[in-house]
Amino acid sequence: MKTYKQFIREGKYPTWLRISVGVMALKVRNLTDRIENETDPIKQNTLIAKQNKLLAYMNGLGIATGTSDKRLMQRMRTKGLN
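## As for the side chain of Gln51
1) Next: Mapped onto the elements of the fold, Gln51 is located in helix H3 (residues 41–61).
2) Next: Residue classification places Gln51 among the buried positions, given a relative accessible area of 12%.
3) Next: Contact partners of Gln51, with chain neighbours within four places excluded, come to Val28, Leu31, Thr32 and Ile35.

## Quick notes on the environment of Gln44
1) Next: Looking at the element boundaries, Gln44 is found in helix H3.
2) Next: For Gln44, the contacting residues outside a window of four places in its chain are Ile35 and Glu38.

## Thoughts on helix H2 (residues 15–37)
1) Next: In this model H2 runs 34 Å from its N-terminal to its C-terminal C-alpha over 23 residues, within 8% of the 33 Å that 1.5 Å per residue would give.
2) Next: Those residues of H2 lying buried are Thr15, Leu17, Arg18, Val21, Gly22, Met24, Val28, Leu31 and Ile35.

## Some details on the packing of H2 against H3
Axis angle and axis distance: for two packed helices, these are the angle between their axes and the distance between the axes, and together they describe the pair.
1) Next: Taken N-terminus to C-terminus, the directions of H2 and H3 make an angle of 155°; their axes are 10 Å apart at the nearest point. One way to sum up the angle between H2 and H3 is to call them roughly antiparallel. By crossing handedness, the relation of H2 to H3 is classed as left-handed. Every residue of H3 that contacts H2 at Leu17, Val21, Met24, Ala25, Lys27, Val28, Leu31, Thr32, Arg34 and Ile35 is listed here: Gln44, Leu47, Ile48, Lys50, Gln51, Leu54, Leu55, Tyr57, Met58 and Leu61.
2) Next: Partitioned by chemical class, the residues of the contact of H2 with H3 number 14 nonpolar, three polar and three charged.

## Description of H3
1) Next: In a regular helix each residue adds 1.5 Å, so 21 residues correspond to 30 Å; H3 covers 30 Å between its end C-alpha atoms and thus fits that length.
2) Next: Residues of H3 that are buried: Leu47, Gln51, Leu54 and Met58. Considered in projection along H3, the buried side chains sweep an arc of 60° and stay on one side of the axis. Opposite the buried face of H3, by more than 90 degrees, sit the exposed residues Ile42, Asn45, Asn59 and Gly60.
3) Next: Residues of H3 that are buried sit in contact with H2.

Conventions and cut-offs
- Residues numbered from 1 in each chain as written.
- Predicted model: local features only at pLDDT ≥ 70, side-chain atom pairs only at ≥ 80, totals over all residues.
- Heavy atoms only, no water.
- Helix = DSSP H or I, 4+ residues; strand = E, 2+ residues; numbered from the N terminus.
- Buried < 20%, exposed > 50% of the residue type's maximum accessible area, 1.4 Å probe, protein only.
- Contact = heavy atoms within 4.5 Å.
- Expected span 1.5 Å × (residues − 1).
- Axes fitted to C-alpha atoms, helices over the stretch in contact; angles between N-to-C directions.
- Parallel < 35°, antiparallel > 145°, perpendicular 65-115°, else oblique.
- Left-handed = near helix turned anticlockwise from the far one by under 90°.
- Nonpolar A, V, L, I, M, F, W, Y, C, P; charged D, E, K, R; others polar.
- Arc of directions from axis to C-beta.

Nothing here speaks to function; it is geometry throughout.
Given below as C-alpha cells:
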C-alpha cells in the first residue's frame, strides 16, 4: 500500500496545472481574510460563495502541490504570487 505522500510524489501533473491550483489556493486564503474582516453579512455570504466555488474546482481537480517542489515555488515567487 502506498502512502499519500508517495502517491503525490509519483504524480506527473503539467506545470501550468500545478501553478493554477497554487493560484487558486492563494485566492482562497485571500478570500478567507476578506470574509473575516467583513461586517456586512450579505457581502460575507457573497465572498463565501466565491470561496466555495474555488474550493470545489480544486477538489474536482484532485491535485495537491507541495512546497517541496522547488521549481514550482521559484516560479510562483518570480510571478509575484507569493
